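Structural features, examined
Below, each chain spelled out in residue letters.
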Amino acid sequence: LLGGASRVAEKLRLAMAGEPVPTSSGRLSATVSIGVTALETAQERANISVAELLRAADQCLYVSKNLGRDRTTCVPVARAAAVMTSALAGAKHEIN
């Protein structure tokens, strides 16, 4: 699940960066940061609420922004909080 979601998020990020948006003032280039997570096991699906899943995805988004924007961060829901803590501590390594 997470692998497929990661591929879709990365395609979306690349498409956004590669196609300027026409506006009345001219073409506007934009990038997007994306946070992705998933419930991959039966235990996770049974025990993790929608609110917790959304919080984990938000943490992944925050990591993407903290590591330089225009990126996709994909981690299992169980690791999202730890990854965000690492990013807040200044770790500048690739997280996928």
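Residues numbered from 1 in each chain as written. Predicted model: local features only at pLDDT ≥ 70, side-chain atom pairs only at ≥ 80, totals over all residues. Heavy atoms only, no water.

Re the confidence of the model for the chain
Low-confidence regions, as indicated by low pLDDT, have predicted coordinates that should not be scrutinised in detail. Short version of the rule: Scored between 0 and 100, pLDDT is the confidence that the predictor attaches to each residue. Starting at the N terminus, helices and strands are each numbered in turn, a helix being any DSSP run of H or I of at least four residues and a strand any DSSP run of E of at least two.
Mean pLDDT over the chain works out to 87, with 93% of the residues at or above the 70 mark. Within the chain, no element has a lower average pLDDT than helix α4 (residues 80–88), which sits at 81, and none a higher one than strand β3 (residues 34–36), at 94.

Observations concerning the side chain of arginine 71
Convention followed: Whenever a nitrogen or oxygen atom comes within 3.5 Å of another N or O atom, the pair is scored as a polar contact, on the condition that within protein one atom can donate a hydrogen and the other can accept it, and that pairs from neighbouring residues in sequence are kept only if both atoms are in side chains.
Mapped onto the elements of the fold, arginine 71 is located in the loop between α3 (50–66) and β4 (72–74). At 2.9 Å, the side chain of arginine 71 forms a polar contact with the backbone oxygen of leucine 67.

A word on the pattern of salt bridges
Condition: For salt bridges, the criterion is a side-chain nitrogen of Lys or Arg within 4 Å of an Asp or Glu carboxyl oxygen. Partly exposed describes any residue whose relative accessible area lies between the buried limit of under 20% and the exposed limit of over 50%, with all areas from a 1.4 Å probe on protein chains only and scaled to the type maximum.
Taken as a whole, this structure holds 3 salt bridges when the rule is applied. Close ionic contact of aspartate 70 with arginine 13 constitutes a salt bridge, the shortest N to O distance being 2.9 Å. Placement of aspartate 70 in the loop between α3 and β4 and of arginine 13 in helix α1 (residues 2–18) is noted, with a sequence separation of 57 residues between them. Owing to a relative accessible area of 29%, aspartate 70 belongs among the partly exposed residues under this scheme. Shared partners join several salt bridges into a network, and the residues in it are Glu10, Arg13 and Asp70.

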